[in-house]
Amino acid sequence: MLHTAMMDPPPRTFKTPWFAKAVAKARIKDDELCEAIAEVMKGQGDDLGGGVFKKRLNRNMHRSIILAKGRRSWVYAYLFAKKDRAVSMNPS
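What you are looking at is a predicted structure, and each value in this text was computed from that prediction instead of being measured. (Residues numbered from 1 in each chain as written. Predicted model: local features only at pLDDT ≥ 70, side-chain atom pairs only at ≥ 80, totals over all residues. Heavy atoms only, no water.)

A. Examining the pattern of salt bridges more closely. For the structure on display, the rule yields two salt bridges. With a shortest N-O distance of 2.8 Å, K15 and D30 are connected by a salt bridge. Here the residue K15 occupies a position in strand β1 (residues 12-15), and D30 occupies one in helix α2 (residues 30-41), the gap between them amounting to 15 residues. The salt bridge involving E39 is made with K55; its shortest N-O contact spans 2.8 Å. Here K55 lies in strand β3 (residues 52-57) and E39 lies in helix α2, a separation of 16 residues in the sequence. Residue class for E39 comes out partly exposed when judged on its relative accessible area of 22%. (Salt bridge = Lys/Arg side-chain N within 4 Å of Asp/Glu carboxyl O. Helix = DSSP H or I, 4+ residues; strand = E, 2+ residues; numbered from the N terminus. Buried < 20%, exposed > 50% of the residue type's maximum accessible area, 1.4 Å probe, protein only.)

And the structure:
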């Protein structure tokens, strides 16, 4: 007899109003955001602790900060371009 495994409900993903505006300006599609959540759930993101994750988006051009609650609800909170947050190695 073949048993079908019960699947967990899909994660619920949200965007803050600020993030929604920023992601539209960066032309990042919702499909990419959903794919990024799946990758974070597989451990393919930077775990900053306390349910806070950093994930690369848009072919590594942007970074996002994601807040997780119980691995069921995910909130995209912040988006920044990699070049905007780069630390200079030459302090002049």
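B. Broad picture of the packing of aromatic side chains. Scanning the entire structure with this criterion turns up four aromatic pairs. On the basis of an interplanar angle of 10 degrees and a centroid distance of 5.1 Å, the ring pair of W18 and Y78 is categorised as stacked. With W18 in helix α1 (residues 17-25) and Y78 in strand β5 (residues 73-81), this pair connects stretches of sequence that are 60 residues apart. Using a relative accessible area of 45% as the deciding quantity, one classes W18 as partly exposed. (Phe/Tyr/Trp six-rings, centres within 6.5 Å; stacked < 30°, edge-to-face > 60°.)

C. Region of interest: unusual backbone geometry. One non-glycine residue, R27, lies in the positive phi region at around 60 degrees. Considering the arrangement of structural elements, one finds R27 in the loop between α1 and α2. Exposure remark for R27: the relative accessible area of 72% places this residue in the exposed category. Within the chain, R59 stands out as a residue other than glycine whose phi angle is a positive 55 degrees.

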